[in-house]
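Here is how the chains run, residue by residue.
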Amino acid sequence: QNRHHFASALQRMSVVCNVSANARVASRNNVEVFDGQYVLVKGSPEAISRLLAEGAKPDWYDSVYRQLAEDGMRVLALAYKPCGGVDGAQKPREWCENNLTFAGFISFACKTRAD
């Protein structure tokens, strides 16, 4: 629906999209169903930390991403925001990328090639 491209100065990017869950699969696996329009955000843990809703940052947030980084991993933080009936595609980036819920970290190794 709408994409806010990665900006190195902001250290993040976001998309506004419609999420359609498979309720049958979710109920069979006892998983919460997410349906509707959402803002999905990825970025540096430092940048995402500042955008989380009050109380949404786990106590272990900083120590975990720092430990992953110290272990040589690249770390991205993931967060989301339900649009709640508001058309997020029509909202500015500032509206989309605040008051977020932390979804988790993704980490990966970027090994140097031995050429």
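Quick caveat: nothing in here was measured; it's all calculated off a predicted structure.

It is worth spelling out the pairing of strand 3 (residues 36-43) at this point. As defined by bridge partners, strand 2 (residues 12-19) adjoins strand 3 across 8 bridges and the pair is classed as antiparallel. Looking at strand 3, one finds that Ser14 is bridged to Val41. Two strands pair when backbone bridges link them, and strand 3 and strand 4 (residues 73-82) are joined in this way by 6 bridges, in the antiparallel orientation. Across the sheet, the residue bridging to Val39 is Lys81, located in strand 4.

What follows covers the environment of Lys57. Looking at the element boundaries, Lys57 is found in the loop between helix 2 (45-49) and helix 3 (61-70). What makes Lys57 partly exposed here is its relative accessible area of 32%. A C-alpha to C-alpha distance of 9.5 Å links Lys57 and Leu100, two positions 43 residues apart in sequence. Setting aside its immediate chain neighbours within four residues, Lys57 contacts Ser49, Leu52 and Asp62. At 3.1 Å, the side chain of Lys57 and the side chain of Ser49 are in polar contact. For Lys57, the side chain forms a polar contact with the side chain of Asp62, separated by 3.0 Å.

What follows concerns the packing of aromatic side chains. In total, this model carries 8 aromatic pairs according to the counting rule given. An aromatic cluster of at least three residues, connected via ring pairs, comprises Trp60, Tyr61, Tyr65, Phe102 and Phe105. Looking at Lys91, its charged tip hangs above the ring of Trp95, at a distance of 5.8 Å from the centre.

Procedures and definitions
- Residues numbered from 1 in each chain as written.
- Predicted model: local features only at pLDDT ≥ 70, side-chain atom pairs only at ≥ 80, totals over all residues.
- Heavy atoms only, no water.
- Pairing = 2+ DSSP bridges.
- Helix = DSSP H or I, 4+ residues; strand = E, 2+ residues; numbered from the N terminus.
- Buried < 20%, exposed > 50% of the residue type's maximum accessible area, 1.4 Å probe, protein only.
- Contact = heavy atoms within 4.5 Å.
- Polar contact = N/O pair within 3.5 Å; in protein donor to acceptor, adjacent residues only side chain to side chain.
- Phe/Tyr/Trp six-rings, centres within 6.5 Å; stacked < 30°, edge-to-face > 60°.
- Lys NZ or Arg CZ within 6 Å of the ring centre and 35° of its normal.

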